[in-house]
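# Observations on the model geometry
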Amino acid sequence: MSDTPLLDELENGPWPSFVTDMKEAAEKKPAARDLMRQLELSYKERVGHWKHGGIVGVKGYGGGVIGRYSDQPAEFPNVAEFHTFRVNQPSGWFYTTKVLRQLCDVWDKHGSGLTNFHGATGDIILLGAPTSELQPTFDELSSIGFDLGGSGSDLRTPSACVGPARCEYACIDTLDICNDITRTYQEQLHRPQFPYKFKIKVSGCPNDCVAAIARSDLSIIGTWKSHIRIDAEAVKQYAGSSLDIQTEVVDLCPTHCMKYDAVAKTLAIDDAECNRCMHCINLMPKALRPGVERGATLLVGAKAPIVQGALLSWVLVPFMKMEPPYTELKALIEKIFDWWDENAKMRERLGELIKREGMGDFLRAVGLKPVPQMIMRPRANPYFFWRDGEVK
């Protein structure tokens, strides 16, 4: 008779189950076994059985380790201390099989053997180690070239899509940008000093495969400034295929900036009205390509619905060149850090602060002028108040 009947139910159905993986780990690790038993109790009682019992970490670091303790240590002694590591992932999540084996060997030696590739911020998540194994685990991770990521009120681990390594749409070198930012802001990443967390995510094109626009305080989205390139012959080839260009491409353009001549089989784009949604390029990649002049759009303020409701980010800089050493980008990031750190309440994200203080105050603090691309919606208030010194 199984002692985890409720968890067993989660193995039913067509999809893979985390319970199966936990059972496999439990054959070797007592911690994984007690974890299953405690989770079964939580399902039965509909109450979580984890508590916050203090701050844990490794020497010199204030972040990267999340303390987790069972509130039933006598019943589940092997998870009485079950701390989590956030390990800084390589840019674009590229690994060799050798490195993956080394990671797993370290974790099998010191922890529960349970992992999550990857967490919401991109980190390698190593689930469950006692306090006595934290420093030895970190030391061995360092010896194979890995560092801890961010946790707590700090810069969270920057992440990026695969970019130019695997994607033909990439307008910027996401991997280099992510690597550079991570190395530049080690102090902010490892030693919590902010009002709350700050996330930076980098996507190579407006398809935004890391969902930066929905999840990061600063989104760096690859884009182009010039016209979408059109291959007229390829357009005709698509016209002769099963693709209905008018219905599936032109009619679904969100800004209605495209026109298709079905007789001549030609496509025209009013680039001034294009909002770089990538829809047409995704459907006709042989005929349409991003423009030649590449850079990034910077957006700010996204967050999940914790403390206040969810926010999507909005445009801060419509176009910025992205070339090493990224001096302009870093100067802006540091101004944003300073203003947010100076004005935010505890556990207040950047987007929440901008809503509370106003975009005008934010722009003045970071030295940017308002531009039409920043506008979220038309004004509903007919009144406008000038600040002292703004008009003669």
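See the structure above.
Throughout what follows, the structure given in this document is the object of discussion. Note that this is a predicted model, so its numbers are computed, not measured.

### A short note on the overall build of the chain
Along the backbone of the chain there are 14 helices and 15 strands. With the principal axes as the frame, the chain shows a C-alpha extent of 75 × 65 × 40 Å. Within the chain, buried positions represent 45% of all 392 residues. Of all intrachain contacts in the chain linking residues separated by at least 6 positions in sequence, the fraction that spans at least 24 positions is 64%. For the chain, the exposed surface amounts to about 20,500 Å²; the carbon and sulfur share of it is 54%.

### Quick notes on a nonpolar patch on the surface
A surface patch of nonpolar side chains, amounting to about 340 Å² of accessible area, comprises Leu6, Leu10, Phe18 and Tyr43. Tracing the backbone through its elements, the reader meets leucine 6 in helix H1 (residues 5-9). When its relative accessible area of 38% is taken as the criterion, leucine 6 is described as partly exposed.

### Focus on the environment of threonine 266
Considering the arrangement of structural elements, one finds threonine 266 in strand E12 (residues 266-269). For threonine 266, a relative accessible area of 39% corresponds to the partly exposed category. Sequence-wise, threonine 266 and glutamate 233 are 33 residues apart; in three dimensions their C-alpha atoms are separated by 8.9 Å. Discounting chain neighbours no more than four positions away, the residues touching threonine 266 are Lys259, Tyr260 and Asp261.

### What about a negative patch on the surface?
On the surface, a cluster of negative charge is made up of Glu334, Asp338, Asp341 and Glu342. Examined against the element boundaries, aspartate 341 turns out to sit in helix H12 (residues 327-343).

### Notes on the packing of aromatic side chains
Taken as a whole, this structure holds 10 aromatic pairs when the rule is applied. An angle of 65 degrees between the planes, with centres 5.0 Å apart, marks the rings of tyrosine 61 and phenylalanine 138 as edge-to-face. Here phenylalanine 138 lies in helix H5 (residues 134-143) and tyrosine 61 lies in the loop between strand E1 (50-51) and strand E2 (65-66), a separation of 77 residues in the sequence. A centroid spacing of 5.1 Å and a plane angle of 85 degrees characterise the contact between phenylalanine 198 and phenylalanine 337, whose relative ring orientation is edge-to-face. With a gap of 139 residues between them, phenylalanine 198 in the loop between helix H7 (186-190) and strand E8 (200-203) and phenylalanine 337 in helix H12 connect regions that are remote in the sequence. For the residue pair phenylalanine 198 and phenylalanine 337, the accessibility class agrees, reading buried in each case.

### Some details on the packing of helix H2 (residues 18-26) against helix H3 (residues 30-45)
In contact at an axis separation of 7 Å, H2 and H3 are set at 140 degrees when each is read in the N-to-C sense. The orientation of H2 relative to H3 falls into the category oblique. Contacts between H2 and H3 involve Phe18, Val19, Met22, Lys23, Ala25 and Ala26 from the first element and Ala32, Arg33, Leu35, Met36, Leu39 and Tyr43 from the second. Across the contact of H2 with H3, the residue classes tally to 10 nonpolar, no polar and two charged.

### A word on the sheet that holds strand E6 (residues 124-129)
Taken together, the four strands give an open sheet; going across it, the order is E2-E4-E6-E5, and neighbouring strands pair in antiparallel fashion. In the strand order of this sheet, the two ends are held by E2 and strand E5 (114-117), each with one partner. As judged from the two bridges shared by E2 and strand E4 (residues 83-87), these two strands associate in the antiparallel manner. Bridging from a neighbouring strand, valine 65 pairs with phenylalanine 85 of E4. Contacting E4, E5 and E6, helix H4 (residues 97-110) crosses the sheet at an angle of about 15 degrees to E6.

### Overview of the pairing of strand E9 (residues 218-224)
Of all seven residues in E9, seven are buried; the element is thus mostly enclosed. Along E9, one buried face is formed by Leu218, Ile220, Gly222 and Trp224 and the opposite face, lined by Ser219, Ile221 and Thr223, is buried too. Sheet topology note: the E9/strand E14 (residues 294-300) ladder contains seven bridges and is antiparallel. Across the sheet, isoleucine 221 pairs through a bridge with threonine 297, a residue of E14.

### Notes on the environment of isoleucine 354
Along the chain, isoleucine 354 turns up in helix H13 (residues 350-357). Note: C-alpha distance between isoleucine 354 and aspartate 34 (320 residues apart in sequence) is 45 Å. Not counting residues within four places of it along the chain, the set of residues in contact with isoleucine 354 comprises Val300, Trp314, Trp339, Met359 and Phe362.

### Let's talk about the sheet that holds E8
In space, the five strands of this open sheet follow the order E7-E8-E9-E14-E15, with mixed pairing throughout. Single-partner strands in this sheet number two, and they are strand E7 (159-160) and strand E15 (314-320). One ladder, built from two bridges, connects E7 with E8; its direction is parallel. Across the sheet, serine 159 pairs through a bridge with lysine 201, a residue of E8.

### Overview of the side chain of threonine 4
Mapped onto the elements, threonine 4 comes out in the segment before H1. For threonine 4, the residues in contact, after removing those within four places along its chain, are Lys23, Met36 and Glu40.

Cut-offs and rules
Residues numbered from 1 in each chain as written. Predicted model: local features only at pLDDT ≥ 70, side-chain atom pairs only at ≥ 80, totals over all residues. Heavy atoms only, no water. Helix = DSSP H or I, 4+ residues; strand = E, 2+ residues; numbered from the N terminus. Buried < 20%, exposed > 50% of the residue type's maximum accessible area, 1.4 Å probe, protein only. Contact = heavy atoms within 4.5 Å. Areas by Shrake-Rupley, 256 points an atom, 1.4 Å probe, with all protein chains shown as cover. Patch = residues over 30% accessible without salt bridge, like charges linked within 9 Å, V, L, I, M, F, W, Y side chains within 5 Å. Salt bridge = Lys/Arg side-chain N within 4 Å of Asp/Glu carboxyl O. Lys, Arg positive; Asp, Glu negative; His and termini not counted. Charge placed at Lys NZ, Arg CZ, Asp CG, Glu CD. Phe/Tyr/Trp six-rings, centres within 6.5 Å; stacked < 30°, edge-to-face > 60°. Axes fitted to C-alpha atoms, helices over the stretch in contact; angles between N-to-C directions. Parallel < 35°, antiparallel > 145°, perpendicular 65-115°, else oblique. Nonpolar A, V, L, I, M, F, W, Y, C, P; charged D, E, K, R; others polar. Pairing = 2+ DSSP bridges.

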